Amino acid sequence: IKNIGVFTSGGDSPGMNAAIRAVVRTALYYDLKVTGILRGYDGMIGGDFLAMERRSVANIIQRGGTVLKTARSDEFRTKEGRKKAYDQLKSQNIDALVAIGGDGTFTGAKIFYEEYGLPVVGLPGTIDNDLLGTDFTIGYDTAINTVIDAVDKIRDTAESHDRLFIVEVMGRDSGLIALRSGIGTGAEAILIPETKTDIKALLARLEVSRKDKSSKIIIVAEGDDAGGAFEIAKNVKEKFPLIDTRVSVLGHIQRGGAPTCMDRVLASRLGVAAVECLKEGKTGEMIGIVNGKIHFTPFGQAIKHNVDVNKELLKIVEILSL
Ligand code: F6P
């Protein structure tokens, strides 16, 4: 390979810039050309390319978001869209790709690789941590730290006013942000899409803990089957009209901000590995880190998340939140 194209796609996540920086500098280290592709698959189709040098990625390791911008592309889902993208890449002599993103990004990369055979490896970039084949995704650590920072503040008000707060966190299909941030903030309950939410049991639990606790925090993932924070608040208010209940939806603040050191180092390791793997002829795989070591997972498997939630963490919630 001679010219690597790098792009970010899907929802942005803190640490994507650190990953881009690592890919660019590693490619240059090995005397390869590297081209930035703007706005993910949309930019690939539109031929939005940027020649990258060492200085193009200076001073970005600490920045949230993605300097290459990102998008969720409808056109790339079509055969014609992918053909246009391939032609654009060929016209620039881009002969390998590093895709940074989540399940949507890898679904696209898998189809593209199967259709055109262009070598492509993926780096897990999403705050949701919902990919199989890596202990952590780039951005997850920053997001859960943002959540605990916010919930600690909410706890001050909850404590002062003897209130119950229902805090909704991100995770359309995944409760992993809720799970870890819930443990980290000592939440009284954590509701996630991977396990069936039993509102009756939740209310019974509140009944028991109500008397001796002045503040309560329930963390709910946006994709939980109980219908979101407002619906749960309605149920609580009906059963306990005297509990002063409030809802707080944290939203996109969870996606922004400077990446934590963990995310910067993770992104740097993965970015270096991506280029080295392409050089060695690897393709069609997501590169992650499992038990401290670089790990490869075919795209088709990486996107099969939500099969298992860490049982140990669930048990911890049960024991500690009473
Ligand atoms: O996949 C990351 C994520 O932040 C999810 O947790 C969330 O459901 C979704 O993206 C929101 O996407 P958008 O920014 O397009 O509304």
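Basis of the calculations
Residues numbered from 1 in each chain as written. Predicted model: local features only at pLDDT ≥ 70, side-chain atom pairs only at ≥ 80, totals over all residues. Heavy atoms only, no water. Helix = DSSP H or I, 4+ residues; strand = E, 2+ residues; numbered from the N terminus. Rg over C-alpha atoms; globule rule 2.2 N^0.38 Å. Buried < 20%, exposed > 50% of the residue type's maximum accessible area, 1.4 Å probe, protein only. Contact = heavy atoms within 4.5 Å. Areas by Shrake-Rupley, 256 points an atom, 1.4 Å probe, with all protein chains shown as cover. UniProt positions renumbered as here; feature names shortened; annotations may be inferred. Expected span 1.5 Å × (residues − 1). Arc of directions from axis to C-beta. Near = heavy atom within 4 Å. Polar contact = N/O pair within 3.5 Å; in protein donor to acceptor, adjacent residues only side chain to side chain. Nonpolar A, V, L, I, M, F, W, Y, C, P; charged D, E, K, R; others polar. Salt bridge = Lys/Arg side-chain N within 4 Å of Asp/Glu carboxyl O. Pairing = 2+ DSSP bridges. Axes fitted to C-alpha atoms, helices over the stretch in contact; angles between N-to-C directions.

(A) Quick look at the overall build of the protein. When you go through the protein residue by residue, the secondary structure sums to 11 helices and 11 strands. The C-alpha radius of gyration of the protein comes to 21 Å, within 12% of the 20 Å expected for a compact globule of 322 residues. Its C-alpha atoms put the protein at 70 × 35 × 30 Å along the principal axes. Here the protein, with 322 residues, has 52% of them falling under the buried criterion. Pairs at least 24 apart in sequence give 77% of the contacts found in the protein among residues at least 6 apart. Just so you have it, the protein exposes about 14,500 Å², and 51% of that area is on carbon and sulfur atoms.

(B) Spotlight on the UniProt feature "active site" (unreviewed entry) in the protein. UniProt's feature table lists "active site" (unreviewed entry) at D128, given in the numbering used throughout. Here D128 shows up in the loop between β5 (120-124) and α5 (140-161). For D128, the residues in contact, after removing those within four places along its chain, are Y140, G171, S174, L176 and I177.

(C) Quick peek at helix α3 (residues 79-91). Here α3 spans 18 Å end to end across 13 residues, near enough to the 18 Å set by a 1.5 Å rise per residue. For α3, the set of buried residues is G81, R82, A85, Y86 and L89. Within α3, the buried residues cover an arc of 135 degrees as seen down the axis, which keeps them to one side. Across α3 from its buried face, at more than 90 degrees, point the exposed residues K79, E80 and K90. Contact partners of the buried residues in α3: β2 (33-37), α2 (40-46), β3 (49-51), β4 (96-101) and α4 (103-116). Two residues or fewer past α3, N93 is found with a positive phi of approximately 60 degrees.

(D) Representation of the site of the ligand. All residues in the neighbourhood of the ligand are listed as R72, I127, D128, M170, G171, R172, E222, H252 and R255. R72 has a polar side-chain atom sitting 3.0 Å from an oxygen atom of the ligand. In the complex, the protein chains occlude 77% of the 400 Å² of accessible area that the ligand would expose alone. Across the shell around the ligand, the residue classes break down as two nonpolar, two polar and five charged.

(E) Broad picture of the pattern of salt bridges. One pass over the full model with this rule turns up 16 salt bridges. For D74, the salt bridge identified is with R77, shortest N-O distance 3.5 Å. For E115, the salt bridge identified is with K79, shortest N-O distance 3.4 Å. Of this pair, E115 sits in helix α4 while K79 sits in helix α3; the two residues are 36 residues apart in sequence, bridging distant segments of the chain.

(F) Quick look at the sheet that holds β5. Taken in spatial order, the seven strands of this open sheet run β3-β2-β1-β4-β5-β10-β11, and their pairing is mixed. Each of the sheet's edge strands pairs with one partner strand only, and the pair in question is β3 and β11 (293-298). The sheet shows a mean angle of 30 degrees between the axes of neighbouring strands, direction not considered. The pairing of β2 with β3 spans three bridges and is antiparallel. Bridge pairing in β3 links G36 to L50. Against the sheet, helix α1 (residues 16-29) engages β1 (3-8), β2, β4 and β5, with an angle of about 165 degrees to β4. Contacting β1, β4, β5, β10 (285-290) and β11, helix α9 (residues 261-279) runs over the sheet at an angle of about 135 degrees to β10.

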